[in-house]
Amino acid sequence: MENYTHIIGCLRGRKIVLGVSGGIAAYKAAALARELGRVGADVHVALTEAGLRFVSALTFQALSGHRVWTSLWDGDAENGMPHIALGRGADAILVAPASADIIARLAHGRADDLLTALCLARDCPLFVAPAMNRQMWENPATQRNVATLRADGIIILGPDEGGQACGETGPGRMLEPGALCEALLAFFTPRLLAGRKVVVTAGPTFEAIDPVRGITNSSSGKMGYAIAAACARGGAETVLVSGPVALPAPAGVRRIDVASALRMRDEVLAVLPGADVFIAVAAVADYRPAQTAGHKLKKSGLPMRLELVPNPDILAEVAARPDAPFCVGFAAESQELDAYAESKRRAKRLPMLVGNLLADGVGGDDNTVVIYDDAGRHPLPRAPKALVARQIVEHLARLLPAG
Ligand code: CTP
């Protein structure tokens, strides 16, 4: 991975101690360790004895790239006291999964194994992600212990409701690794957009020809969704007007689903009042059929002509308003990125535009982009879209007039 230490507020370079206690959800902690590493965290793992019965230390050693600690007594010459050494310099401890037993022990300040001792000796925020059978979760003893943890300033993440490993359904499932990672990211993200309202468009549009056919653009929506997520993490009230994509709404984002460019434009204009920022990431179809057939068109064997009419340019329209918010455009080009991107920025009179080459970003999880503004071009290092989005938000927050 490249060096992202300049990215303020993400997890890059943060020391996160992941405590894994005994429970079926321990297998998901492996995905969590990987996810945290992917967004740049320096992950160190402490496994309880019960946790070791579900997953091996080797798994976490391979995923974190560090020795995994399992006992209070396995210190070496360098780290005589693992419960102190491991917590030293930690930015956060996340216990996931947290069994009913470890929650009880944490609530009572026990220090009878490495993980509890580590939590007791900590000097950083502690996050706990409960995972247990629903009756264990609902038991007044567990609820009492959780209330104690909360009162002590410990952050409880989840649990989720749903099907459980024991076959029952109810509260007690551990939050998914992505949601836990998201919670940590949000915690460490400076609220650069607090008090601001941001409207984002994302995904393709779909221009119907008849009830089953249409014209669309290839766009996964990933970059737009990452931008919306980064705005929400940055404290903005975020509205995402989205074309058809297969992605869940990011945490804390209000999503409005649309299909056509005309609907996208209507919804954008409806939510625009009060917006400080408009970020147009959507790959809007430039044309739509002049007519949409009410019924499925039948083939005739003869050539067919489809009349297309231009769609409104949503971004240009918003940017031209007298009360225009700060507008950010996107441009995906197949060649000559600098020339095309800068000419689009000038044509639409945008203070900021993000450009990328199609080959670098479309559909994938990573992107290589260049930001264009009045001061020139600012290339960003290739990175996962979540990190690219974070940097774009930081850049726009710097350019944003004081609110
Ligand atoms: N955009 C928009 N409404 C449209 C078309 C584009 O809001 N009808 C926005 C996109 O979301 C993006 C930017 O405008 O932020 C892209 O600019 P544009 O010049 O329209 O790009 P392309 O459609 O890719 O232009 P071309 O096909 O000429 O390359």
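Source: prediction; values computed, not measured. (Residues numbered from 1 in each chain as written. Predicted model: local features only at pLDDT ≥ 70, side-chain atom pairs only at ≥ 80, totals over all residues. Heavy atoms only, no water.)

## Thoughts on helix α1 (residues 26-38)
Taking 1.5 Å per residue as the helical rise, α1 with its 13 residues ought to reach 18 Å, and the 19 Å between its terminal C-alpha atoms agrees with that figure. Regarding α1, the residues found buried are Ala-26, Lys-28, Ala-29, Ala-30, Leu-32, Ala-33 and Leu-36. Close packing links the buried residues of α1 with β1 (15-20), β2 (42-47), α3 (57-64), β3 (92-98), β7 (169-173) and α9 (177-188). Gly-40 sits one or two residues past α1 and shows a positive phi near 105°. (Helix = DSSP H or I, 4+ residues; strand = E, 2+ residues; numbered from the N terminus. Expected span 1.5 Å × (residues − 1). Buried < 20%, exposed > 50% of the residue type's maximum accessible area, 1.4 Å probe, protein only. Contact = heavy atoms within 4.5 Å.)

## Concerning the domain arrangement of the protein
Size of an interface, as often reported, equals the accessible area lost when the parts are brought together. Domain assignment breaks the protein into domain 1 (15-188) and domain 2 (197-398). Averaged C-alpha coordinates put domain 1 and domain 2 at centres separated by 39 Å. Taken together, the five residues of domain 1 in the interface contact six residues of domain 2. Carbon and sulfur atoms make up 55% of the surface buried where domain 1 meets domain 2, a total of about 500 Å² over both sides. (Domains from an automatic or database assignment. Buried area = accessible area lost by both parts, 1.4 Å probe.)

## Describing the packing of aromatic side chains
By the definition in use, this model includes two aromatic pairs. Note on Phe-127 and Phe-187: the rings are 5.1 Å apart at their centroids and 90° apart in plane angle, and the pair reads as edge-to-face. Separated by 60 residues along the polypeptide, Phe-127 in strand β4 (residues 126-130) and Phe-187 in helix α9 bring together distant segments of the chain. Ring geometry for Phe-187 against Phe-188: centres 5.1 Å apart, planes inclined by 85°, an arrangement best described as edge-to-face. With a relative accessible area of 40%, Phe-187 lands in the partly exposed category. One aromatic cluster is present, formed by Phe-127, Phe-187 and Phe-188 through successive ring pairs. (Phe/Tyr/Trp six-rings, centres within 6.5 Å; stacked < 30°, edge-to-face > 60°.)

## Some points on the packing of α1 against α9
Interhelical geometry of α1 versus α9 gives an angle of 40° and a closest axis separation of 9 Å. Looking at the two axes, α1 sits oblique to α9. In terms of crossing hand, the pair formed by α1 and α9 is right-handed. Across the interface between the two elements, Lys-28, Ala-31, Leu-32, Glu-35 and Leu-36 from α1 touch Pro-177, Leu-180, Cys-181 and Leu-184 from α9. Split into classes, the residues belonging to the contact of α1 with α9 amount to seven nonpolar, no polar and two charged. (Axes fitted to C-alpha atoms, helices over the stretch in contact; angles between N-to-C directions. Parallel < 35°, antiparallel > 145°, perpendicular 65-115°, else oblique. Left-handed = near helix turned anticlockwise from the far one by under 90°. Nonpolar A, V, L, I, M, F, W, Y, C, P; charged D, E, K, R; others polar.)

## Quick look at the site of the ligand
Around the ligand, the surrounding shell holds 13 residues, and the nearest of these are Ala-280, Ala-282, Pro-312, Phe-330 and Lys-348. In the environment of the ligand, an oxygen atom lies 2.6 Å from a nitrogen or oxygen atom belonging to the backbone of Ala-280. Residue Leu-315 places a main-chain N or O atom 2.9 Å away from an oxygen atom belonging to the ligand. Listed by contribution, the elements that provide at least two residues to the shell around the ligand are α12 (314-319) and β16 (326-333). (Near = heavy atom within 4 Å. Polar contact = N/O pair within 3.5 Å; in protein donor to acceptor, adjacent residues only side chain to side chain.)

## Points about the pattern of salt bridges
Applying the stated criterion across every chain yields a total of 26 salt bridges. With its nearest N and O atoms 2.9 Å apart, the salt bridge here joins Arg-105 to Asp-112. You can call Arg-105 buried: its relative accessible area is 14%. Shared partners join several salt bridges into a network, and the residues in it are Asp-101, Arg-105, Arg-110, Asp-112 and Asp-113. (Salt bridge = Lys/Arg side-chain N within 4 Å of Asp/Glu carboxyl O.)

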